[in-house]
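Here's the letter readout for the chains.
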Amino acid sequence: MPLVPHRHCIVCGKAIEADKYYCSEECEQKMEKERKRQRNFTLFMFLMLLIILLMFWLPLLR
Ligand SMILES: [Zn+2]
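Here's a quick rundown of the structure. Here the residue numbering is sequential within each chain, running from 1 through the sequence in written order. At least 70 in pLDDT is required for a residue's local features to be given in this predicted model, at least 80 for side-chain atom pairs to be given and counted, and no such filter applies to totals for whole chains, interfaces and linings, which use all residues. Calculated side-chain values reflect all of the structure's heavy atoms, with hydrogen atoms and water omitted.

Comments concerning a nonpolar patch on the surface
Side chains of Leu43, Phe46, Leu47, Leu49, Leu50, Leu53, Leu54, Trp57, Leu58, Leu60 and Leu61 sit close together on the surface and give an oily, nonpolar patch of about 1,200 Å² of accessible area. Relative to the helices and strands, tryptophan 57 resides in helix H1 (residues 25–61). Like charges within 9 Å and nonpolar side chains (Val, Leu, Ile, Met, Phe, Trp, Tyr) within 5 Å are joined into patches, using only residues over 30% in relative accessible area that form no salt bridge. Accessible surface area values rest on a Shrake-Rupley calculation with a 1.4 Å probe, where residue burial reflects the displayed protein chains alone. When a carboxyl oxygen of Asp or Glu lies within 4 Å of a side-chain nitrogen of Lys or Arg, that pair is called a salt bridge. Numbering of helices and strands runs from the N terminus; a helix is a DSSP stretch of H or I covering at least four residues, while a strand is a stretch of E covering at least two.

Listed below in structure tokens is the structure:
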């Protein structure tokens, strides 16, 4: 069984060339959008955690 070096598109799973991550421009843009969404979500969660911690800490400081 010949093993040709290849990857799979990380968005849709299609087999692609080994030096590529996406099968198409469309999949690349989809991934970029997802990455941005996830970064925003992480930032949001971090801020919420910070606010919650402050809510617990501030009464103790008084
Ligand atoms: Zn794809």
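Notes on the coordination of the zinc ion
Counted as coordinating are nitrogen, oxygen and sulfur atoms within 2.8 Å of the metal, or 3.2 Å for Na, K and Ca, while water is not included, which may make sites look incomplete. Donor atoms from the polypeptide that coordinate the zinc ion comprise Cys9 (SG), Cys12 (SG), Cys23 (SG) and Cys27 (SG), at 2.3 Å from the metal. Classification of the site at the zinc ion rests on its 4 donor atoms, whose angles at the metal span 104 to 117°, yielding the label tetrahedral. Between consecutive donor residues of the zinc ion, the sequence gaps follow C-x2-C-x10-C-x3-C. The exposure class assigned to cysteine 23 is partly exposed, which follows from its relative accessible area of 28%. By the criteria applied here, four donors are tetrahedral when all angles lie between 85 and 135 degrees, four are square planar and six octahedral when opposite donors are over 155 degrees apart and every other angle lies between 65 and 115, and any other arrangement is irregular. Each residue gets one of three labels from its accessible area relative to the maximum for its type: buried under 20%, exposed over 50%, partly exposed in between, using a 1.4 Å probe on protein chains only.

Some words on the environment of lysine 14
Structurally, lysine 14 is set in the loop between strand E1 (6–8) and strand E2 (15–17). Note: C-alpha distance between lysine 14 and glutamate 28 (14 residues apart in sequence) is 13 Å. Aside from chain neighbours lying at most four places away, what touches lysine 14 is Arg7, His8, Cys9 and Cys23. Whether two residues are in contact is decided by their heavy atoms: any pair within 4.5 Å suffices.

As for the pattern of salt bridges
Counted under the stated rule, the structure contains 3 salt bridges. Where glutamate 17 meets lysine 20, a salt bridge forms, and the shortest distance between an N and an O atom there is 3.4 Å. Classification of glutamate 17 as partly exposed rests on a relative accessible area of 48%. For glutamate 34, the salt bridge identified is with arginine 37, shortest N-O distance 3.1 Å. Here the residue glutamate 34 and the residue arginine 37 both occupy positions in helix H1, the gap between them amounting to 3 residues, near one helical turn.

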